[in-house]
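Single-letter residue listing:
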Amino acid sequence: MTAEQAATGPGSAPSSVSSVPGGESEPEAVRRRAGGAESSRANRGWWDRNADEYQSEHGAFLGDARFVWCPEGLDEEEARLLGPASALAARDVLEIGAGAAQCSRWLAEQGARPVAVDLSHRQLQHALRIGDGRGGDLTFPLVEADARLLPFADGSFDLACSAYGALPFVADPVRVMSEVRRVLRPGGRWVFSVTHPFRWALPDEPGPEGLTVSASYFDRTPYVEQDESGAAVYVEHHRTVGDRVRDVVASGFRLLDLVEPEWPDHNRQEWGGWSPLRGKLIPGTAVFVCERD
């Protein structure tokens, strides 16, 4: 899991850390409009405040060099959504919303040349802390940047990936995906995972109360946590499945596959609204496998 993972929204990406800065009052949860700049500013601050707790709580599950797509535990080692292992060697790979760069670290071990991008400075500090996962320094670049404006030349990468990074938290996902397309070479693959859109109709609870529809699946109004002055401190945006498909196509990609990982019997963890109970009954994650035309 990656850099923009938060737990408090109705769609709620996989985390369970607090969104309350130390000593401050609980933010107010509302549904209201939130533009691109406001969303970016709020989520950068949220992750800078919560990165330490997030890595402490979920670092063991994520591993130092493991590519996990979702709380269900779908692992790129077996899933190969980016392509066969033999195809990763010497490939330039962009990871968006990299957090502590666990996925990029795994890619580097396969012989790829990853670049890890994240909005949060504090998350990238954790990537430096972990290093190469074996006591050495990190072997690939870290870049602090907004996914809506990637600081790379056209055609810089062969592959791009994002495990719960950026897309659930931006007001303009087509802008992000258009940027991804720009920096990919022709035929490049783009794979990203997000909270399954169906989850937005349900409460973000791991128990039975999380199985009852409580909101409209079609309500795209953003979920916002705001402080006493009304300033957003966390923002999450909802897209339906159809919206996501249309965003992919509008950005110049071809959709190759839509993966809905099933909850495995061996996974007994609860992670925010993700749990064995809910996972056995409803989808929690959607993984979109795309190719640049």
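All chains use their own residue numbering, which begins from 1 and follows the written sequence. For a predicted model such as this one, the threshold for reporting local features is a pLDDT of at least 70, and the threshold for listing and counting side-chain atom pairs is 80 or more; totals across whole chains, interfaces and linings nevertheless cover every residue. Water and hydrogen atoms were dropped before computing side-chain values, which therefore reflect all heavy atoms in the structure.

Draft legend 1. The sheet that holds strand β1 (residues 28-31), seen in detail. A strand pair is defined by DSSP finding two or more bridges across the two strands. A run of H or I in DSSP counts as a helix once it spans at least four residues, and a run of E counts as a strand once it spans at least two, with each numbered from the N terminus. Spatial ordering of the open sheet is given by β1-β7-β8, a layout of three strands whose pairing is antiparallel. The open sheet has two edge strands with one neighbour each: β1 and β8 (232-236). The average angle at which neighbouring strand axes cross in this sheet is 20°, direction not considered. Judged from the four bridges that link them, strand β7 (residues 223-226) and β8 form a sheet pairing that is antiparallel. Each bridged residue has a counterpart across the sheet, and for E225 the counterpart in β8 is Y234. It only takes one pair of heavy atoms within 4.5 Å for two residues to be counted as in contact. Every angle, taken between N-to-C directions, lies between 0 and 180 degrees, and every axis is a line fitted to C-alpha atoms, over only the stretch in contact when it is a helix. Helix α1 (residues 36-62) rests against β7 and β8 of the sheet, and its axis sits at about 105° to β8.

Draft legend 2. Examining the side chain of E95 more closely. Turning to its location among the elements, E95 is positioned in strand β2 (residues 92-96). Accessible area is worked out with a 1.4 Å probe on protein chains only. A residue is then buried under 20% of its type maximum, exposed over 50%, and partly exposed in between. When charges are tallied, Lys and Arg are placed among the positive residues and Asp and Glu among the negative ones, while His and the ends of the chain are skipped. Basic side-chain nitrogens of Lys or Arg form a salt bridge, by our definition, when they fall within 4 Å of a carboxyl oxygen of Asp or Glu. One buried charged residue, E95, forms no salt bridge at all, with the nearest opposite charge on R105 at 8.1 Å. Under the rule applied, a polar contact is a pair of N or O atoms within 3.5 Å (in protein, one hydrogen donor and one hydrogen acceptor; residues adjacent in sequence only if both atoms are side-chain atoms). Looking at E95, its side chain comes within polar contact range of the side chain of S104, at 2.6 Å.

Draft legend 3. Molecular detail of the nonpolar core. Here the nonpolar core consists of buried residues drawn from Ala, Val, Leu, Ile, Met, Phe, Trp, Tyr and Cys, with membership extended through side-chain atoms lying within 4.5 Å. The biggest cluster of nonpolar side chains holds 32 residues, and the ones touching the most others in it are F67, W69, L81, L82, L107, C161 and V191. Put simply, the parts of the chain that give this core at least two residues each are α1, α3 (102-109), β5 (157-163) and β10 (285-292). The greatest single-element share of this core, amounting to five residues, is contributed by α1. Among the nonpolar cores identified, the runner-up in size contains 27 residues, and V117, M177, V183 and F192 belong to it.

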